[in-house]
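Report on the structure
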Amino acid sequence: MIQLSGMHSQQSGMWPSGSMESVIIQQMQETPVVYSYQSIDELSFELKLRKNIIVSARAMNQGYAEFEIFANSYCNPQYWHLTNTGGFQLRHDVIPSDAIQDIYKNSSLYAFECATATVIIYYHAVLNSMDEHVFNQLFQNLYLYSWHVDPDLGIQSIHTDHFLPGDIVYFNNPDFDPETSWWRGENAVVLGDGTYFGHGLGMGTAEQMFQALNKERKPGSSQLAYLMNSVIRPSFKHLAKFSMLPRGYTAYKIQHVVIHHNENSISYDRYLFYLNKVYNQMT
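Cut-offs used in this document
- Residues numbered from 1 in each chain as written.
- Predicted model: local features only at pLDDT ≥ 70, side-chain atom pairs only at ≥ 80, totals over all residues.
- Heavy atoms only, no water.
- Salt bridge = Lys/Arg side-chain N within 4 Å of Asp/Glu carboxyl O.
- Buried < 20%, exposed > 50% of the residue type's maximum accessible area, 1.4 Å probe, protein only.
- Axes fitted to C-alpha atoms, helices over the stretch in contact; angles between N-to-C directions.
- Helix = DSSP H or I, 4+ residues; strand = E, 2+ residues; numbered from the N terminus.
- Parallel < 35°, antiparallel > 145°, perpendicular 65-115°, else oblique.
- Left-handed = near helix turned anticlockwise from the far one by under 90°.
- Contact = heavy atoms within 4.5 Å.
- Nonpolar A, V, L, I, M, F, W, Y, C, P; charged D, E, K, R; others polar.
- 1 Å grid on protein atoms, 1.4 Å probe; cavity = no way out; pocket = protein on both sides within 12 Å on 5 of 7 lines; lining within 4 Å.
- Points joined across faces, edges and corners; volume = space filled by probe spheres on them.
- Core = buried A, V, L, I, M, F, W, Y, C linked by side-chain atoms within 4.5 Å.
- Pairing = 2+ DSSP bridges.
- Arc of directions from axis to C-beta.

So, on to the pattern of salt bridges. Side chains bearing opposite charge may pair, as long as their charged atoms lie close to each other. Scanning all chains against the criterion turns up 7 salt bridges. The salt bridge partner of aspartate 93 is arginine 91, with a shortest N-O separation of 3.0 Å. Overall, the relative accessible area of 56% leaves aspartate 93 in the exposed class. Owing to a relative accessible area of 24%, arginine 91 belongs among the partly exposed residues under this scheme. Between arginine 270 and glutamate 263 there is a salt bridge, and its shortest N-O distance comes to 2.6 Å. Here arginine 270 falls in the partly exposed class, since its relative accessible area comes to 35%.

This part is about the packing of helix α2 (residues 40–62) against helix α4 (residues 114–127). For the pair α2 and α4, the least separation of the axes is 8 Å and the interaxial angle reads 125°. Considering their axes alone, α2 and α4 lie oblique with respect to each other. Note on packing geometry: the crossing formed by α2 with α4 is right-handed. Here Leu49, Asn52, Ile53, Ser56, Ala57 and Met60 of α2 come into contact with α4, specifically with Ala117, Ile120, Ile121, Tyr122, His124, Ala125 and Val126. Residue classes in the contact of α2 with α4 are distributed as 10 nonpolar, 3 polar and no charged.

A water-sized probe, rolled over the atoms, reveals where empty space remains. Approximately 240 Å³ is the volume attributed to the largest pocket. Lining the largest pocket are 16 residues; nearest its centre among them are Tyr35, Glu46, Ile158, Arg233 and Lys237. Secondary structure elements with two or more residues in the lining of the largest pocket: β3 (35–37), α2, β9 (156–159) and α7 (236–243). By residue number, the principal contributor to the lining of the largest pocket is β3, which donates 3 residues. Residues of the lining of the largest pocket, tallied by class, amount to 7 nonpolar, 5 polar and 4 charged.

Let us now look at the nonpolar core. In this structure, Trp80, Ile103, Phe112, Tyr123, Phe139, Trp147 and Leu153 are the most contacted members of the largest nonpolar core, which totals 54 residues. Elements supplying a minimum of two residues to this core: α2, β6 (88–90), α3 (96–105), α4, α5 (132–138), α7 and α8 (268–282). Those residues in contact with phenylalanine 139, other than ones at most four positions away along the chain, are Pro96, Tyr123, Val126, Asp150, Asp152, Leu153 and Leu239. If you look at the next biggest cluster of nonpolar residues, it comprises 13 residues, including Val169, Ala188, Ala206 and Phe210.

Turning to the sheet that holds β6, a few remarks are in order. A sheet is described by the order of its strands in space; here 3 strands give the open sequence β5-β6-β8, paired in antiparallel fashion. Two strands lie at the open edges of the sheet, namely β5 (80–82) and β8 (143–144), each paired on one side alone. The pairing of β6 with β8 spans 2 bridges and is antiparallel. Looking at the pairing, phenylalanine 88 lines up with leucine 144 of β8.

Within α7 the residues assigned to the buried category are Phe236, Leu239, Ala240 and Phe242. Angular distribution of buried residues about the axis of α7 spans 160°; they occupy a single face of the element. The secondary structure elements touched by the buried residues of α7 are α2, α4, α5 and β15 (230–233).

Right, let's get into unusual backbone geometry. Look at serine 146: it is not a glycine, yet its phi comes out positive at around 50°. Note on placement: serine 146 falls in the loop between β8 and β9. Taking the relative accessible area as the measure of exposure, serine 146 reaches 1% and is therefore buried. With phi around 60°, asparagine 262 is a residue other than glycine that occupies positive phi space.

With that settled, consider empty space enclosed by the protein. If you walk through the whole model with that rule in mind, you get 2 cavities of 30 Å³ or more. Size it by volume and the largest cavity reaches roughly 60 Å³. Considering the residues around the largest cavity, the lining is formed by Ile168, Val169, Tyr170, Asn187, Met228, Ser230, Ile232, Ser267, Tyr268 and Asp269. Elements that contribute at least two residues to the lining of the largest cavity include exactly β10 (168–172), β15 and α8. With 3 residues, β10 is the single largest residue contributor to the lining of the largest cavity. Across the lining of the largest cavity, the residue classes tally to 6 nonpolar, 3 polar and 1 charged.

Turning our eyes to something else, we now look at the environment of alanine 225. On the secondary structure map, alanine 225 appears in the loop between α6 (206–214) and β14 (226–227). Once the C-alpha coordinates of alanine 225 and leucine 213 are considered, the two residues, 12 residues apart in sequence, prove to be 6.4 Å apart. Discounting residues that sit within four places of it in the chain, alanine 225 has contacts with Asn172, Asn173, Pro174, Phe210, Leu213 and Asn214.

Keep in mind that these numbers describe shape and distance, not what the molecule does.
This is how it looks when you write it as structure tokens:
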């Protein structure tokens, strides 16, 4: 259900029938979850960003970036410094938007695991959803490692079994083989046509994701892979406000601590557990 400034809204007619925007609107209206917006611009921005998340996921699938564990990750040294933990640190002489675009333009020069892939998809989609200058003002110190993100992405985990196109879900493989621990699960983008994209597995249905993960369980396992009932979403409303800011906007912000866990293909919830553990120790 959609509420626009406190009133139920029927906005699907604003977008062509069959478009991704109209598909998202329809799915929002068919769920018991209430999606509230202060303005039509706020709703429009979320639809635009969701669509671009899907576009960025499909583009990554069509590229040549490899799936690799942190120890074997690599990147284009003209734009990023490869850290000894397998992270990509933006060079000080490089514009953030150029570095994100290079991952897609020169994809064969990159290799990373699936959590890092989803974060790259987010940055690329946000870049394509707002003014490039605003993007560069917001995300000046990019560091790509697992689920580490800039605070202004506003990443949040939501407990729900209602998935929308552009959401990121997690296929959990609890009995993964310790010898191939990168098969512990798969972060995947909901593409809206019954398929998902997960870096390393590519595009496929939920059943195809299950089949791939179930082949990588430890010997004697009887617990099958499953889809967790939670989604990861950026703060669409927060980013919508930034998308309307004038050029030259600057703001001080405290960056999140980086958790170098060296566990490939973990869920955002697992990363958040490690992050909260560090913050609790600090306080």
